Amino acid sequence: MQETKTMNRRSLIARMGGVAVAAVATGSTAAAAQTGGHTTFQPARHQQDAWLDVLPGKHRNFIDASTVRGAGEAMLYANNLFEANKTGYSLTDQDVAIVVCLRHFATVFAYNDAMWAKYGKVISTMLEFTDPNTKQAPSTNLLNVPTYGMALPNLGNTIDAVRKRGTKFAVCDMATHFFAQQFATATKGNADAVYKELVANVIPDAHMVPAGVVAVNRAQEYGYTLLGTL
């Protein structure tokens, strides 16, 4: 008799479990029906990001640099992407779309030699960055000098070299405003005037983005693989 009661309890529990599963399934079906069965997220598109969609290439890469070291590594990584796709896959440089984003403290490397000659001492103090050869504040953009070799993290791969191979640069506008204010304060200048000066002296064909962090997000929504630096 006891064995019969035990079997009946087990049967009841099994039936209740089946009812619960059915209820969950029914609820899921109802929820899907309410949303039309669409669960795939589709990001919004904005005209400000359209430039990301016109770069040629069979493979899309976005290199995010936010530090002094990261800026150098970004040039090295861009070169490596071109070379590895060439030797390993027989692809041309035009087959590989690469965007290097210079944001936060890496933003200063988007500025040309004229800006480094003018504000190099301020940059050196702010970022604790000196010329590894002279131990003094740089007066040129050292990431555009190929002779430093192992002394800098780009290992001699310059901005101009990777740009000529097709690399596109995104430059953080928010950080540029920040540096303009710092440079103006240090030189007793006007922040708005310094900002316009910096924008006029960035890497040729660079794209100013509202903020580097936003560009990181948008690039991934446009199918770019994110490659970070230190």
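Structural data are supplied above this passage.
Reading the values: rules and limits
- Residues numbered from 1 in each chain as written.
- Predicted model: local features only at pLDDT ≥ 70, side-chain atom pairs only at ≥ 80, totals over all residues.
- Heavy atoms only, no water.
- Helix = DSSP H or I, 4+ residues; strand = E, 2+ residues; numbered from the N terminus.
- Buried < 20%, exposed > 50% of the residue type's maximum accessible area, 1.4 Å probe, protein only.
- Contact = heavy atoms within 4.5 Å.
- Areas by Shrake-Rupley, 256 points an atom, 1.4 Å probe, with all protein chains shown as cover.
- Axes fitted to C-alpha atoms, helices over the stretch in contact; angles between N-to-C directions.
- Parallel < 35°, antiparallel > 145°, perpendicular 65-115°, else oblique.
- Nonpolar A, V, L, I, M, F, W, Y, C, P; charged D, E, K, R; others polar.
- Pairing = 2+ DSSP bridges.
- Core = buried A, V, L, I, M, F, W, Y, C linked by side-chain atoms within 4.5 Å.
- Patch = residues over 30% accessible without salt bridge, like charges linked within 9 Å, V, L, I, M, F, W, Y side chains within 5 Å.
- Salt bridge = Lys/Arg side-chain N within 4 Å of Asp/Glu carboxyl O.
- Phe/Tyr/Trp six-rings, centres within 6.5 Å; stacked < 30°, edge-to-face > 60°.
- Expected span 1.5 Å × (residues − 1).

S.K.: Is there a simple way to think about the overall build of the protein chain in this case?
M.R.: When its secondary structure is counted, the protein chain shows seven helices and five strands. Written out in order from the N terminus, the α and β elements of the protein chain read α-β-α-β-α-α-β-α-α-β-α-β. Counting only residues that meet the buried cut, the protein chain has 40% of its 230 residues in that class. At a minimum sequence separation of 6, the contacts of the protein chain that also span at least 24 residues come to 72%. Surface exposure of the protein chain reaches about 12900 Å², of which carbon and sulfur atoms provide 57%.

S.K.: I keep staring at the packing of helix 3 (residues 113-127) against helix 6 (residues 191-199) and nothing clicks. Help me out?
M.R.: Helix-helix packing is described using two parameters, namely the angle between the two axes and the distance between the axes. Where helix 3 contacts helix 6, the axes come no closer than 10 Å and their chain directions differ by 140°. With respect to helix 6, the element helix 3 is oriented oblique. Each of Met-115, Lys-118 and Tyr-119 in helix 3 lies in contact with helix 6, whose residues at this interface are Val-194, Glu-197 and Leu-198. Split into classes, the residues belonging to the contact of helix 3 with helix 6 amount to four nonpolar, no polar and two charged.

S.K.: What am I meant to see in the sheet that holds strand 1 (residues 59-65) here?
M.R.: Two strands in a sheet stick together by hydrogen bonds in their backbones, pointing the same way (parallel) or opposite ways (antiparallel). Taken together, the five strands give an open sheet; going across it, the order is 4-3-2-1-5, and neighbouring strands pair in parallel fashion. With one partner strand each, in any of the chains shown, strand 4 (207-209) and strand 5 (225-228) form the two edges of the open sheet. If you compare each strand with its neighbour and ignore which way they point, the axes differ by 25° on average. Along the sheet, helix 5 (residues 173-187) makes contact with strand 3 (168-172) and strand 4, crossing strand 3 at roughly 55°.

S.K.: Is there a simple way to explain the nonpolar core in this structure?
M.R.: Within soluble globular proteins, side chains that are nonpolar tend to cluster in buried spots. The biggest cluster of nonpolar side chains holds 44 residues, and the ones touching the most others in it are Val-100, Leu-102 and Tyr-111. Secondary structure elements with two or more residues in this core: strand 1, helix 2 (68-89), strand 2 (96-102), helix 3, helix 4 (159-164), strand 3, helix 5 and helix 6. Apart from the residues within four sequence positions on either side, Leu-102 is in contact with Ala-65, Ala-71, Met-75, Thr-107, Phe-109, Ala-110, Phe-169, Ala-170, Val-171, Cys-172 and Ile-203. Counting residues in hydrophobic clusters, the runner-up holds 14 residues, among them Trp-51, Ala-170, Ala-215 and Tyr-224.

S.K.: Any chance you could explain a nonpolar patch on the surface here in plain terms?
M.R.: Taken together, the side chains of Phe-105, Met-126 and Phe-178 make up a nonpolar region of the molecular surface, amounting to roughly 240 Å² of accessible area. When you line up the elements, Phe-105 lands in the loop between strand 2 and helix 3.

S.K.: Quick question: what am I supposed to make of the packing of aromatic side chains here?
M.R.: How two aromatic rings sit relative to each other is given by the distance of their centres and the angle of their planes. Taken as a whole, this structure holds six aromatic pairs when the rule is applied. Aromatic pair Phe-109 and Phe-129: ring centres 5.5 Å apart, planes at 75°, arrangement edge-to-face. Separated by 20 residues along the polypeptide, Phe-109 in the loop between strand 2 and helix 3 and Phe-129 in the loop between helix 3 and helix 4 bring together distant segments of the chain. Exposure class is identical for Phe-109 and Phe-129. Each is buried.

S.K.: Quick question: what am I supposed to make of the pattern of salt bridges here?
M.R.: Oppositely charged side chains are able to pair whenever their charged atoms sit close together. Tallied over the entire structure, the rule returns ten salt bridges. One salt bridge connects Arg-60 with Asp-53, and the closest N-O pair in it is separated by 3.0 Å. Relative accessible area serves as the criterion here: at 45%, Asp-53 is assigned to the partly exposed category. Each of Glu-83, Asp-93 and Arg-165 takes part in one network of salt bridges that share partners.

S.K.: Help me understand helix 5 in this model?
M.R.: Since there are 3.6 residues in each turn of an α-helix, residues three or four apart along the chain are aligned in direction. With 15 residues, helix 5 extends 21 Å between its outermost C-alpha atoms, agreeing within 8% with the 21 Å of an ideal straight helix rising 1.5 Å per residue. Along helix 5, the residues classified as buried are Asp-173, Ala-175, Thr-176, Phe-179, Ala-180, Phe-183 and Ala-184. On its buried side, helix 5 packs onto helix 3, strand 3, helix 6 and strand 4.

Interpretation in functional terms is not warranted from these geometric data alone.
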